[in-house]
Amino acid sequence: MGHQSLLYKIADDPKELQQINQLNYQTFVNEIPQHEENEEKLLVDKFHDENTYIIAKNHEEIVGMIAVRAKRPFSLDNKIPNLNQFIPSGSEPCEVRLLSVKDEYRSTRVFYGLCKRLVQLCLEEGYDLAFISGTVRQLKLYKRIGFIPFASLVGEEDARFQPMYITKASFEKSTKAFQKLMENVTLNNERSGAHSFLPGPVPLHPAVKRALGKTPISHRSEAFLKEIEEIKFNLCRLTQANHAEVVVGTGTLTNDMAAQQLKRFKGDGLILANGEFGFRLIDHAKRSGLSFRTLEKQWGEDVSLKEIESAMKAFSPDWIWTVHCETSTGYLYDLKGILALSKKFHAELCVDACSSVGVVPVDFKECYLATSVSGKGLGSLPGLGIIFHRDALTSHPSIPRYLDIGLYAENGSIPFTHSSNLISSLKEAIRNIDYVANLRLARAVKEAMEKWDVRIMGNQDYSPGVITIELPYGVSSRMVGDKCKERGVLLSYESGYLLNMNWVQLALMGYQNEEEVMKAINSIKEIIAPVKEIGYI
């Protein structure tokens, strides 16, 4: 019956709510004689408008459901005097009701799938205590999950229920299967079977995962010194850079470090911006007290070499700072052309390449500075920042120690504590970079979407690592992203700038298996297709 392909979600469609009333009738009228029969064969719960229904669907058929509600009074308030005596002070209780699974789906994982989605919802809403009226027919199952009986049986003779409650603590102490379930929910979408199109954390190659599991070694040991030197050599070979430093931190840190280095120039700079991360460079510069001008365009709007040249003629900057791949759109700046202009006007070029290194070929040999990270295009875990530099740098007392690139250069990138596991994982990730495969996969994804007439930002000059879908007015990016997440496909859409623009993104970074990617793309199509049918796309 295809139980593995069932969709677990929160009911939000009128057709789903109609089926809920039908299933409610089948269970609590026909099977458990709790309510009177009626000609419509529908049972609308008395708290229907306040319930949140979690459902299991096989295509368009609802095969199981469970409801949760946090508004008092609960149904148990009418059956148990002073229910408050069972509620610890400071708790956020809810009531779980109306569990129903169709006959042919019982003794399968449907019940557990509903519970998994229920736990996720409770954690998201901050509920830490749940009451149920458990049918006496399933007391063994409820106890196994961690529910604790209290008070006497309630209900009529033919429909007896045991009041029970469960806390997060008692749930965690239950069976191993449910302990694992709790871990999966708490890890926020790190769930089995999910396919990630996030720009970070990215999917990891098995060799990267194995490296992460190694026993940590001292950052002062000979073995670690050798490994970090190998990493730096491989990074330079990958990017044509003369020098590379590896720091514990993020891309934000590396750009702050770059800003501190630019601060040593006495003249003005020029910053290019046509998206979120270009404008973040402007913020880095302001916070670091740099003197600079800007060339700003609308998000995704082309910044031509002619415009850059005109700005450089007008401002005569001593340095120019730009992103290479603008992650918020996928726009790829012409780095070779900008470098030629910087040399023509005797300005130093600094590049934020956090989303391009490992995705497209780069050449930093003549760039004054370039920054990147271990995650994203390099395909490892987040946690390491990388600074490429053309010249040998020395430390300077005007720069805070943690932000001083020269201090790292003088100490082999190990002036402070480092992580051997992150270094080992990055080494394995670099071995698996394949630019040809990146381009082939991006083309396959774009061709599939073009067949649906989905509007994709940019052209063939955009990065193959970031595909931005522009949703039209009336179609919510949060809705599309949420529905894809429910199907186990993780899109990038929850950042504030993406929600504001009403965009969803697919980041083709990290370890992406083409067959699995195309399966996930078909799942996205199933979400978008109904929207297209009603004329929005």
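Above this text sits the structure in question.
What you see is a predicted model; the values in this text were computed from it and never measured.

Draft legend 1. Structural context of the sheet that holds strand β6 (residues 148-149). Strand order in this open sheet of seven strands is β1-β2-β3-β4-β5-β7-β6, and the pairing throughout is mixed. The sheet is open, and its two edges are formed by β1 (7-10) and β6, each paired on a single side. On the sheet, helix α1 (residues 14-31) packs against β1, β2 (52-58), β3 (61-69) and β4 (93-101) and is oriented at approximately 85° with respect to β3.

Draft legend 2. Quick peek at α1. The end-to-end C-alpha distance of α1 is 25 Å, a good match for the 26 Å that 18 residues give at a rise of 1.5 Å each. Considered for burial, the residues of α1 that qualify are Glu16, Ile20, Asn21, Leu23, Asn24, Tyr25, Thr27, Phe28 and Val29. Those residues of α1 that are buried lie in contact with β1, β2, β3 and β4. For α1, the N-terminal cap is Asp13; the gap from its side-chain oxygen to the backbone nitrogen of Lys15 is 2.7 Å.

Draft legend 3. Representation of the packing of helix α7 (residues 222-239) against helix α13 (residues 420-431). Contact pair α7 / α13: the axes reach a minimum separation of 10 Å and the direction vectors enclose 35°. Between α7 and α13 lies a crossing whose hand is left-handed. Residues Phe224, Glu227, Ile228, Glu230, Ile231, Asn234 and Leu235 of α7 lie in contact with α13, whose contacting residues are Ser420, Ile423, Ser424, Leu426, Lys427, Ile430 and Arg431. Its residues assigned to classes, the contact of α7 with α13 comprises seven nonpolar, three polar and four charged.

Draft legend 4. Highlighting the sheet that holds strand β17 (residues 384-389). Taking strand neighbours across the sheet as the criterion, the seven strands line up as β9-β17-β16-β15-β12-β10-β11 in an open arrangement whose pairing is mixed. Where the open sheet ends on each side, the last strands, each with one partner, are β9 (243-248) and β11 (292-296). Pairs of neighbouring strands in the sheet enclose a mean axial angle of 20°, with direction left out of account. Pairing geometry for strand β10 (residues 269-273) and β11, over five bridges, is parallel. Of the residues in β11, the one forming a bridge with Leu272 is Leu295. The strands touched by helix α8 (residues 251-262) are β9, β12 (319-323), β15 (348-352), β16 (369-373) and β17; relative to β16, the strand with the most contacts, the crossing angle is about 165°.

Draft legend 5. View of the side chain of Thr329. Relative to the assigned elements, Thr329 resides in the loop between β13 (325-326) and β14 (331-332). Contact partners of Thr329, with chain neighbours within four places excluded, come to Trp299, Gly300, Met457, Tyr462, Val466, Thr468, Trp503 and Gln505.

Draft legend 6. Here's a closer look at empty space enclosed by the protein. If you walk through the whole model with that rule in mind, you get one cavity of 30 Å³ or more. As a volume, the largest cavity reaches approximately 30 Å³. Forming the boundary of the largest cavity are Val246, Val247, Val248, Tyr402, Tyr408, Ser413, Pro415, Phe416, Thr417 and His418. Considering each element in turn, the lining of the largest cavity owes the most residues, three residues, to β9. Split by residue class, the lining of the largest cavity holds seven nonpolar, three polar and no charged.

Draft legend 7. Seen up close, the packing of aromatic side chains. Counted according to the given criterion, the structure contains 15 aromatic pairs. Their ring planes at 80° and their centres at 5.4 Å tell us that Phe265 and Tyr368 sit as a pair that is edge-to-face. Pair noted here: Phe265 is in the loop between α8 and β10 and Tyr368 is in the loop between β15 and β16, with a separation of 103 residues, a long-range link. Here the aromatic rings of Tyr402 and Tyr408 are separated by 6.4 Å at their centres, their planes lie at 70°, and the arrangement is edge-to-face.

What counts as what
- Residues numbered from 1 in each chain as written.
- Predicted model: local features only at pLDDT ≥ 70, side-chain atom pairs only at ≥ 80, totals over all residues.
- Heavy atoms only, no water.
- Pairing = 2+ DSSP bridges.
- Helix = DSSP H or I, 4+ residues; strand = E, 2+ residues; numbered from the N terminus.
- Contact = heavy atoms within 4.5 Å.
- Axes fitted to C-alpha atoms, helices over the stretch in contact; angles between N-to-C directions.
- Expected span 1.5 Å × (residues − 1).
- Buried < 20%, exposed > 50% of the residue type's maximum accessible area, 1.4 Å probe, protein only.
- Polar contact = N/O pair within 3.5 Å; in protein donor to acceptor, adjacent residues only side chain to side chain.
- Left-handed = near helix turned anticlockwise from the far one by under 90°.
- Nonpolar A, V, L, I, M, F, W, Y, C, P; charged D, E, K, R; others polar.
- 1 Å grid on protein atoms, 1.4 Å probe; cavity = no way out; pocket = protein on both sides within 12 Å on 5 of 7 lines; lining within 4 Å.
- Points joined across faces, edges and corners; volume = space filled by probe spheres on them.
- Phe/Tyr/Trp six-rings, centres within 6.5 Å; stacked < 30°, edge-to-face > 60°.

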